[in-house]
Amino acid sequence: MEFDELRHRMAGGEPYLASDPSLRPYRKRCESLLDRFNATALADQPARDAILPELLGAVGAGVRVVPRFLCEFGFFIEIGERSRINFDAVLLDCAPIVIGSDVRMGPRCQLYTADHPHGAALRHGMWESAKPIRIEDGVWLGGGVTVLPGVTIGADAVVGAGSVVTGDLPANAVAVGNPARVVRLVDQDAERAS
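The rules behind the values
Residues numbered from 1 in each chain as written. Predicted model: local features only at pLDDT ≥ 70, side-chain atom pairs only at ≥ 80, totals over all residues. Heavy atoms only, no water. Helix = DSSP H or I, 4+ residues; strand = E, 2+ residues; numbered from the N terminus. Rg over C-alpha atoms; globule rule 2.2 N^0.38 Å. Buried < 20%, exposed > 50% of the residue type's maximum accessible area, 1.4 Å probe, protein only. Areas by Shrake-Rupley, 256 points an atom, 1.4 Å probe, with all protein chains shown as cover. Lys, Arg positive; Asp, Glu negative; His and termini not counted. Charge placed at Lys NZ, Arg CZ, Asp CG, Glu CD. Pairing = 2+ DSSP bridges. Axes fitted to C-alpha atoms, helices over the stretch in contact; angles between N-to-C directions. Parallel < 35°, antiparallel > 145°, perpendicular 65-115°, else oblique. Left-handed = near helix turned anticlockwise from the far one by under 90°. Contact = heavy atoms within 4.5 Å. Phe/Tyr/Trp six-rings, centres within 6.5 Å; stacked < 30°, edge-to-face > 60°. Polar contact = N/O pair within 3.5 Å; in protein donor to acceptor, adjacent residues only side chain to side chain. Arc of directions from axis to C-beta.

**A closer look at the overall build of the chain**
Thought 1: Helix and strand counts for the chain stand at five helices and 20 strands.
Thought 2: For 194 residues, the compact-globule estimate of 2.2 N^0.38 gives 16 Å, and the C-alpha radius of gyration of the chain, at 17 Å, lies within 12% of that figure.
Thought 3: Each of the three principal axes of the chain carries a C-alpha extent, and together these read 55 × 40 × 25 Å.
Thought 4: A buried classification covers 41% of the 194 residues belonging to the chain.
Thought 5: Entry remark: accessible area of the chain is about 9,500 Å², with carbon and sulfur atoms responsible for 54%.
Thought 6: With 20 positive and 25 negative side-chain charges, the chain shows a separation of 5 Å between the mean positions of the two kinds.

In structure tokens form, the structure reads like this:
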């Protein structure tokens with residue numbers, strides 16, 4: 001299968017073969033860039049700033065990503081201005097992952113776009129599908145948060161450490177647990193006034 005067609009299938013949630021040979025060069029490219037990125041000294045933000053635009057699909061001004069950072073392809077990931085991704089993040093980007101501006105992700109956050117069939121025969125055959133993840137502006141993900149395929153987290157939401165987000169969360173939500181449940185909505189105007 002041609003890569004452009006395969007990429008379109010992946011982004012659109014259609015089944016594809018994870019073992020398709022046309023994906024190999026893009027995984028290898030990503031691995032090489034990740035090796036360079038993760039080998040930088042923690043104090044060497046300028047070196048990481050030079051690698052990120054080559055690795056990812058889009059990177060806004062003032063983005064900071066701390067090693068160790070892992071992804072599968074890189075080109076499906078977009079990060080908005082001033083966003084911060086802490087240690088040991090895993091962004092499994094088999095479909096688009098769009099992270100807005102001013103997002104904060106604690107250590108060991110995991111965003112998984114890939115999904116696998118429930119039937120063992122298809123899984124063993126290396127079939128999978130993927131659904132995009134969207135993290136809107138101003139979201140804060142506590143340490144160890146896991147976000148599953150197809151999820152959108154609304155602007156300014158807060159997700160408590162260790163939570164597993166299995167479905168969309170509205171803007172201004174505070175959500176915790178496994179699966180993450182909204183425990184309250186924050187009135188942004190009231191918070192600014194206090």
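**Quick word on the pairing of strand β7 (residues 89–92)**
Thought 1: Side-chain alternation along β7 places Ala89 and Leu91 on a buried face and Val90 and Leu92 on a face that remains uncovered.
Thought 2: Relative to β7, strand β4 (residues 69–71) runs parallel, the two sharing three bridges. Of the residues in β7, the one forming a bridge with leucine 70 is valine 90.
Thought 3: Note that β7 and strand β10 (residues 110–112) share three bridges and pair parallel. For leucine 92, the partnering residue across the bridge sits in β10 and is tyrosine 112.

**Some words on the packing of helix α2 (residues 24–38) against helix α3 (residues 45–55)**
Thought 1: Interhelical geometry of α2 versus α3 gives an angle of 165 degrees and a closest axis separation of 10 Å. On the basis of the axis angle, α2 is roughly antiparallel to α3. Both α2 and α3 take part in a crossing whose hand is left-handed. Residues Arg29, Cys30, Leu33, Leu34, Arg36 and Phe37 of α2 pack against Arg48, Ile51, Leu52, Glu54 and Leu55 of α3.

**Some words on the packing of aromatic side chains**
Thought 1: Scanning the entire structure with this criterion turns up four aromatic pairs.
Thought 2: Ring plane angle 65 degrees and centroid distance 6.0 Å describe the contact between phenylalanine 37 and phenylalanine 69, whose orientation is recorded as edge-to-face. Linking phenylalanine 37 in helix α2 with phenylalanine 69 in strand β4, this pair joins segments that are 32 residues apart in sequence.
Thought 3: Assessed through its relative accessible area of 0%, phenylalanine 37 is described here as buried.
Thought 4: We classify phenylalanine 69 as buried; its relative accessible area is 0%.

**A short note on the side chain of serine 83**
Thought 1: Tracing the backbone through its elements, the reader meets serine 83 in the loop between β5 (77–79) and β6 (84–85).
Thought 2: A polar atom in the side chain of serine 83 sits 3.4 Å from the backbone oxygen of glycine 80.

**Notes on helix α1 (residues 3–11)**
Thought 1: Along α1, the positions that sit buried rather than exposed are Phe3, Leu6 and Met10. Viewed end-on, α1 has its buried residues packed into an arc of 60 degrees, placing them on one side of the element. What points out from α1, more than 90 degrees from its buried face, is the exposed set Asp4 and His8.
Thought 2: After α1 finishes, the residue glycine 13 shows a positive phi value of roughly 80 degrees.

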